[in-house]
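Each chain, written out:
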Amino acid sequence: MARLVMKFGGTSVGDIDRIRNVAAHVQREVDAGHQVAVVVSAMSGETNRLVGLTRDVARLHDAREYDVVVSAGEQVSVGLLAMALQDVGVAARSWLGWQIAMKTSDVHGAARIEDVDVAAMEEQFGEGRVAVIAGFQGISGNGRITTLGRGGSDTSAVAVAAALKADRCDIYTDVDGVYTTDPRMVPAAQKMNRISYEEMLEMASLGAKVLQTRSVELAMSHNVRLQVRSSFDAPDDAKFKNMAPDDIVGTLICDEDEIMEHEIVSGIAYARNEAKLTLLGVPDRPGIAAQIFGPLADAAVNVDMIVQNMSPDGKTTDVTFTVSQDELERAVKVVEAEKVGLDYSQLQSAPEMAKISIVGVGMRSHAGVAQKMFKVLADQGINIHVISTSEIKISVLIDADYVEPAVRALHAAYGLDEEVAG
Ligand code: ADP
Ligand code: ASP
Ligand code: MG
C-alpha cells in the first residue's frame, strides 16, 4: 500500500464528464489499495472569470477580498469531485484551505505555505476515506483566506505530499509530461522521462507553466517524488494494472544523479509578458544602481534582467532593465518620480518583449553553448536586447513577435526536435 497525492488542473476538471473521469482515476488508485489525497484546481476559465470580476467592481481592490473571491472556484470543484467519488462508491470528503488548515503567510495573492496540518486527514485515511483538497488557497495567521499565486494548486499538492510523506505526488494535466519545450508551440517537442529538480525549477521560473515554480522548489527541498502525467489517459488503461509506486508513466522530476545521460541543453522556455525600460544619460557615479532599484523594490516591482552600459565619456551611462508587462506602468511611475534625484536625460519603455531561455545542467561543462544561441538567432534576423546567464541557463530578451521562430529554431539547433521516422 502506498500513499499518493493526485492533483488535477483546471482543464482536467473542466466539466462534469471530466470530473467523472477524474473520479475514475482516483477510484483506480483506491481499488489498488492506496491511501489517496486529491488536490484540485477550479474548473478551467473560472479563476480568470473571478479575477475579471474583482477588476470590474472597483478601481483599487483590497487584496484580502480579492483572495476571498478568486479562491471560490476551488470550493466548487472539490465539492463536485467529492460527490462524483461518492457516486461511484468511493468514500470521500472535501477540505477547504482553512479546514485543513493550510497555514500561509499573509501576502495576499502570493502567499507562501508555512504549515499543513494533515492529522485529521490521516485519521480519515484509516477509515478508507479519500481527502479532496481545494488547491490554491490557504489561511493566514490572521484567519483570512489567502491564495498562492496563479497556478498555485501545484504547490498545494506538493505541500500536502510533503506533510503526508507521500510516496509520490502526481500532477495530472492536459499534456502527458514535461516536454523539451511547450508542445503546443513546437509540435516536434519531445517528452522527457526524467528531468532534474534544478532544470525544472529553471524551466518553470523562465515561463514553462506546466508546474508552478514554488511547487518545484518545495518538492526539491522536501524530496517529494513528483510526476507530471496526463488526466486524459483512460483511467482503466491496461498499462496502469499492477503498477508499482516507482513506475513512471509521465515525467519524473528527480535528483540529477537519478538521470543517466545529460543533454547540454535539455529544454527551452519562453515568457511573453516582458517589458523593457531604459534610462538614458544617467550620471555614472557610485550608488546610482541602488538609487534606481531601491525605490522599485520598495514599490514591490520585480526587476528581472539588468544591463548597465559603459559610458563613453565617463560621465553618463544607460541602464536597461526588464519587468513584467503588468508591472510596467507602476515601474514607469516610480522611475519618473525619482527623476530629480536620478538626473537621467530620457526614459524609454518597450512593452512588447519576450524572454527566451535555454536550460541544461550539461552547460556547466561545455563551452560555446551561448555562442550557438546567438548565431541561431542572428541567422533568423532576430535582434537580442538583453542577455543574462547562470550556470545552467542562458536567457535573451527579444521582440515578442519573434517568440515562435526563435523557439523553433533553437529547438532544432540544439538537437531537441523529435526525429520523424521514415
Ligand atoms: P493545469 O491547468 O493542469 O494546471 P497548465 O495549463 O497550468 O495546466 O499547464 C499545462 C500546460 O503547460 C500545457 O498545456 C502546456 O501548453 C504548457 N507547457 C509549457 N511548457 C511546457 C513544457 N515544457 N512541457 C509541457 N507543457 C508545457
Ligand atoms: N485556479 C488557480 C489558477 O487558475 C490555481 C491553479 O489552477 O493551480 O491559477
Ligand atoms: Mg497549472
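Refer to the structure presented above.
First things first, this report covers the structure right here in the doc. Per chain, residue numbering runs from 1 following the sequence as it is written. For naming, the first written chain is A and the first written ligand is 1, with later ones following in the order written. In keeping with the predicted nature of the model, local features appear solely for residues at pLDDT of at least 70, side-chain atom pairs appear and are counted solely at 80 or more, and the whole-chain, interface and lining totals rest on all residues. Hydrogens are left out, water is left out, and the side-chain values use all remaining heavy atoms of the structure.

## Some remarks on the overall build of the protein
For step 1, the next point in the chain: Looking only at helices and strands, one finds 14 helices and 18 strands in the protein.
For step 2, the next point in the chain: Note on method: radius of gyration uses C-alpha positions; expected globular size equals 2.2 Å times residues raised to 0.38. On C-alpha atoms alone, the protein measures out to a radius of gyration of 23 Å, which is about the 22 Å that the 2.2 N^0.38 rule sets for 422 residues.
For step 3, the next point in the chain: By its C-alpha atoms, the protein is 75 × 60 × 35 Å across when sized along the principal axes.
For step 4, the next point in the chain: Exposed residues in this analysis have more than 50% of their type's maximum accessible area, buried residues have under 20%, and partly exposed residues fall in between, with area computed by a 1.4 Å probe over protein chains only. Taken across its 422 residues, the protein has 50% of its residues classed as buried.
For step 5, the next point in the chain: The criterion used for residue contact is that any of the two residues' heavy atoms lie within 4.5 Å. Residue pairs at least 24 apart in sequence account for 75% of intrachain contacts in the protein once pairs closer than 6 positions are excluded.
For step 6, the next point in the chain: What sets the accessible areas is the Shrake-Rupley method with a 1.4 Å probe; for residues, cover comes only from the shown protein chains. Roughly 19500 Å² of accessible area belongs to the protein as shown, and the carbon and sulfur atoms make up 48% of that amount.
For step 7, the next point in the chain: Only four residue types enter the charge count, namely Lys and Arg as positive and Asp and Glu as negative; His and the chain termini do not. Throughout, a charge is located at the NZ atom of Lys, the CZ atom of Arg, the CG atom of Asp or the CD atom of Glu. Charged side chains in the protein number 39 positive and 60 negative. The centres of these two groups are separated by 3 Å. Counting from the N terminus, the helices are the DSSP runs of H or I reaching at least four residues and the strands are the DSSP runs of E reaching at least two.

## Description of the sheet that holds strand β2 (residues 35-40)
For step 1, the next point in the chain: In this scheme, strands are said to pair when DSSP sees at least two bridges between them. Pairing is mixed in the open sheet, where eight strands are placed in the order β3-β6-β2-β1-β9-β11-β12-β10. This sheet does not close on itself; its edge strands, each paired only once, are β3 (92-95) and β10 (194-196). Strand-to-strand twist in this sheet, taken as the mean axis angle between neighbours without regard to direction, amounts to 20 degrees.
For step 2, the next point in the chain: Of the strand pairs in this sheet, β10 and strand β12 (residues 251-254) are connected by three bridges, and their pairing is parallel. Opposite I195, over in β12, you have I253 as the bridge partner.
For step 3, the next point in the chain: Lying over the sheet, helix α6 (residues 119-126) contacts β1 (3-8), β2, β3 and β6 (130-134), oriented at roughly 175 degrees with respect to β3. In this description, a line fitted to the C-alpha atoms serves as the axis of each element, helices being fitted only across the stretch in contact, and the angle between N-to-C directions of two axes falls anywhere from 0 to 180 degrees.

## Looking at the pattern of salt bridges
Side-chain pairs of opposite charge can arise where the charged atoms are in close proximity.
For step 1, the next point in the chain: Put simply, a salt bridge is a Lys or Arg side-chain nitrogen that is within 4 Å of an Asp or Glu carboxyl oxygen. This structure, assessed with the given rule, holds 23 salt bridges.
For step 2, the next point in the chain: Put simply, E122 and R3 hold a salt bridge, and the shortest N to O gap is 2.7 Å. Taken together, the residues span a long stretch of sequence, with E122 in helix α6 and R3 in strand β1 at a distance of 119 residues.
For step 3, the next point in the chain: By relative accessible area, R3 is classed as buried at 16%.
For step 4, the next point in the chain: A salt bridge links R364 to E256, with the nearest nitrogen and oxygen atoms 3.2 Å apart.

## Considerations on the packing of helix α3 (residues 63-70) against helix α4 (residues 72-87)
When two helices pack together, you describe them by how their axes are tilted relative to each other and by the distance separating the axes.
For step 1, the next point in the chain: It is the contact of α3 with α4, at a shortest axis distance of 4 Å, that shows an interaxial angle of 25 degrees. Between α3 and α4, the interaxial angle falls into the category roughly parallel. Residue-level inspection shows V68, V69 and V70 of α3 in contact with α4, the latter providing A72, G73 and E74.
For step 2, the next point in the chain: Throughout this entry, Asp, Glu, Lys and Arg are counted as charged residues, while Ala, Val, Leu, Ile, Met, Phe, Trp, Tyr, Cys and Pro are counted as nonpolar. The remaining residues, Gly among them, count as polar. Taken together, the residues of the contact of α3 with α4 sort by class into four nonpolar, one polar and one charged. What sets the label is the angle itself: under 35 degrees gives roughly parallel, over 145 gives roughly antiparallel, 65 to 115 gives roughly perpendicular, and the rest give oblique.

## Considerations on a negative patch on the surface
For step 1, the next point in the chain: Together, D106, E114, D115 and D117 line one region of the surface with negative charge.
For step 2, the next point in the chain: Take D115: it is sitting in strand β5 (residues 113-116). Nonpolar side chains (Val, Leu, Ile, Met, Phe, Trp, Tyr) within 5 Å and like charges within 9 Å form the patches, drawn only from residues with over 30% relative accessible area and no salt bridge.

## Brief notes about the site of ligand 2
For step 1, the next point in the chain: Proximity is defined per residue: if any heavy atom of the residue lies within 4 Å of a molecule or strand, that residue is considered near it. Near ligand 2 the following residues occur: S41, A42, T47, E74, F136, R150, G151, G152 and S153.
For step 2, the next point in the chain: Pairs of N or O atoms are called polar contacts if they sit within 3.5 Å, as long as, within protein, a hydrogen donor faces a hydrogen acceptor (for residues adjacent in sequence, only side-chain-to-side-chain pairs). E74 has a polar side-chain atom sitting 2.7 Å from a nitrogen atom of ligand 2.
For step 3, the next point in the chain: In this structure, R150 approaches ligand 2 through a side-chain N or O atom, which is 2.7 Å from an oxygen atom.
For step 4, the next point in the chain: When its residues are assigned to classes, the shell around ligand 2 shows two nonpolar, five polar and two charged.

## A few points about the side chain of S77
For step 1, the next point in the chain: The topology assignment puts S77 in helix α4.
For step 2, the next point in the chain: Since its relative accessible area comes to 1%, S77 is described here as buried.
For step 3, the next point in the chain: Here the side chain of S77 touches S41 through a polar contact of 2.7 Å, landing on its backbone oxygen.
For step 4, the next point in the chain: Discounting residues that sit within four places of it in the chain, S77 has contacts with V13, V40, S41, A42 and M43.

## Focus: the sheet that holds β5
For step 1, the next point in the chain: The four strands lie next to each other as β5-β4-β7-β8, forming an open sheet whose pairing is mixed. On the outer flanks of this sheet lie β5 and β8 (145-147), each paired with one strand and no other. Between one strand axis and the next, the sheet turns through 45 degrees on average, direction left out of account.
For step 2, the next point in the chain: Pairing between strand β4 (residues 102-104) and strand β7 (residues 137-140): two bridges, direction parallel. Counted as the bridge partner of K103 is I139 from β7.

## Thoughts on the site of ligand 1
For step 1, the next point in the chain: Surrounding ligand 1, one finds 17 residues, the nearest of these being T173, D174, Y179, D182 and R184.
For step 2, the next point in the chain: Between ligand 1 and Y179, the relevant distance is 2.9 Å, taken from a nitrogen atom to a main-chain nitrogen or oxygen of the residue.
For step 3, the next point in the chain: Note that an oxygen atom of ligand 1 is positioned 2.8 Å from one of the side-chain N or O atoms of R184.
For step 4, the next point in the chain: In isolation ligand 1 has 570 Å² of accessible area, and contact with the protein removes 89% of it.
For step 5, the next point in the chain: Its residues placed into classes, the shell around ligand 1 shows seven nonpolar, five polar and five charged.

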